[in-house]
Amino acid sequence: KNPLEGSTEDRFAAQRFLENHEDWEATLRETLGPNGSKDWKVRAQQALEKQRFGAYEAAPPTSMESGVLIIRRIRASKLPRSDQWDDIDPYVVFNFDGVERKTSVAWNSSAPEWRVPGRIDDDEEGWEEVSFEVNSLSGHDLLGIKIKNFDKFSADDDVGFVDVGEGGVRVTDILRGVFCSDR
């Protein structure tokens, strides 16, 4: 359930989560990098302040405009070895509105960052990106995220996934800066 649509107690659940979960902050830093982590924390705090003063609109618009969903700065950490002889060769599979997109394979990396080959800077152009055409987010906003291990001789193995309770992540929640721990 969305804490923004509930009681005052529910509305402050996100704040308590931010204040009491150091692992959540570490995960953000590892996933988004130091600047992305700070940005998300600032946005969450701003959303909480708006809630306190009644200025935050809890429900997304009934019809969101069309556009392009672009995912970049894709990284993972602490991925397990595929077996005792091989390092992991991960790639990420994104599913949105029935369309699947994949990153390249990050060879021999338990902490991959999907960057443009030859780039190590943090500019947006230095990162591999995955994009989806979006006609509307109304009713079609679930983004599936899986990490798989490439295997040349057999089926690729599942390594992990992101799921906040409905089989993925709601793009509208991300756009509104909502991170809900009980979904």
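Check the entry above for the structure.
So, a few notes on the structure that sits alongside this text. Just so we're clear, the structure is a prediction, and the values are computed from it rather than from any experiment.

**Observations regarding the overall build of the chain**
And step 1. Within the chain one finds four helices and seven strands.
And step 2. From first element to last, N terminus to C terminus, the chain shows the α and β order α-α-α-β-β-β-β-β-β-β-α.
And step 3. For the chain, with 183 residues in total, the buried portion stands at 34%.
And step 4. When contacts within the chain are restricted to residue pairs at least 6 apart in sequence, long-range pairs at least 24 apart make up 64% of them.
And step 5. Only carbon and sulfur atoms are counted for the fraction: they give 50% of the accessible area of the chain, which is about 11,400 Å².

**Concerning unusual backbone geometry**
And step 1. Phi at K78 takes a positive value of approximately 55 degrees, unusual for a residue other than glycine.
And step 2. By the secondary structure assignment, K78 is in the loop between β1 (67-71) and β2 (90-96).
And step 3. You can call K78 exposed: its relative accessible area is 70%.
And step 4. The backbone phi angle of N108 is positive, close to 55 degrees, even though this residue is not glycine.
And step 5. Mapped onto the secondary structure, N108 falls in the loop between β3 (99-102) and β4 (130-134).
And step 6. With a relative accessible area of 53%, N108 lands in the exposed category.

**Re the nonpolar core**
And step 1. Ranked by internal contacts, the top residues of the largest apolar core, which has 20 residues, are F94, F96, F132 and L143.
And step 2. Of all the secondary-structure elements, those providing two or more residues to this core are β1, β2, β4 and β5 (142-149).

**What to know about the packing of aromatic side chains**
And step 1. If you walk through the whole model with that rule in mind, you get two aromatic pairs.
And step 2. Arranged with centres 5.7 Å apart and planes meeting at 55 degrees, the rings of F96 and F132 form a pair that is tilted. One end of the pair, F96, is in strand β2; the other, F132, is in strand β4, and 36 residues separate them in sequence.
And step 3. For the ring pair W107 and F150, a centre distance of 5.3 Å and an interplane angle of 85 degrees mean the geometry is edge-to-face. You can see W107 sitting in the loop between β3 and β4 and its partner F150 sitting in the loop between β5 and β6 (157-162), a full 43 residues away along the chain.
And step 4. Positioned above the aromatic ring of W127 is the side chain of R115, whose terminal nitrogen or guanidinium carbon lies 4.0 Å from the ring centre.

**What about the pairing of β2?**
And step 1. Of all the seven residues making up β2, six are buried; the element is thus mostly covered by neighbouring parts of the structure.
And step 2. Of the strand pairs in this sheet, β2 and β5 are connected by seven bridges, and their pairing is antiparallel. Bridge pairing in β5 places V93 opposite K146.

**Notes on the pattern of salt bridges**
It is possible for side chains of opposite charge to pair when their charged atoms get near one another.
And step 1. Enumeration according to the criterion identifies 10 salt bridges in this entry.
And step 2. Connected via shared salt-bridge partners are R72, E124 and E129.

**Comments concerning the pairing of β5**
And step 1. Of all the eight residues making up β5, six are buried; the element is thus mostly covered by neighbouring parts of the structure.
And step 2. Summarising the sheet, β5 and strand β7 (residues 169-170) pair through two bridges and their orientation is antiparallel. Note that in β7 the partner of L143 across the bridge is V169.
And step 3. Note that β5 and β6 share five bridges and pair antiparallel. Residue I147 lies in a different strand from β6, and its bridge partner there is G160.

**Some thoughts on the environment of V171**
And step 1. Inspection of the secondary structure puts V171 in helix α4 (residues 171-176).
And step 2. On the basis of relative accessible area, V171 is assigned to the buried category, the value being 5%.
And step 3. Taking the C-alpha atoms as reference points, V171 and F96, 75 residues apart in sequence, are found 9.5 Å from one another.
And step 4. Residues in contact with V171, not counting those within four places in the same chain, are L69, F96, L137, D141 and L143.

Conventions we followed
Within every chain, residues take consecutive numbers counted from 1 along the sequence as written. Given that the model is predicted, a residue must reach a pLDDT of at least 70 before its local features are reported, and side-chain atom pairs must reach 80 or more before they are shown or counted; all residues, however, enter totals for whole chains, interfaces and linings. For the side-chain quantities, the full set of heavy atoms in the structure was used; hydrogens and water were omitted. Each helix is a run of DSSP H or I of at least 4 residues and each strand a run of E of at least 2, with the numbering of both proceeding from the N terminus. Relative accessibility under 20% of the residue-type maximum defines a buried residue, over 50% an exposed one, and the middle range a partly exposed one, all with a 1.4 Å probe and only protein chains included. Contact definition: two residues touch when any of their heavy atoms are within 4.5 Å. We get accessible surface area from the Shrake-Rupley algorithm with a probe of 1.4 Å; when it comes to residues, only the shown protein chains can shield them. Side-chain atoms within 4.5 Å link the members of a nonpolar core, which is a set of buried Ala, Val, Leu, Ile, Met, Phe, Trp, Tyr and Cys residues. By convention, a stacked pair of Phe, Tyr or Trp rings (six-membered ring in the case of Trp) has centres within 6.5 Å and planes under 30 degrees apart, an edge-to-face pair has planes over 60 apart, and any other such pair is tilted. For a ring to carry a charge above it, either NZ of a lysine or CZ of an arginine must fall within 6 Å of the ring centroid while also lying within 35 degrees of the normal to the ring plane. Note: two strands are recorded as paired if DSSP finds a minimum of 2 bridges between them. Whenever Lys or Arg places a side-chain nitrogen within 4 Å of a carboxyl oxygen from Asp or Glu, that contact is recorded as a salt bridge.

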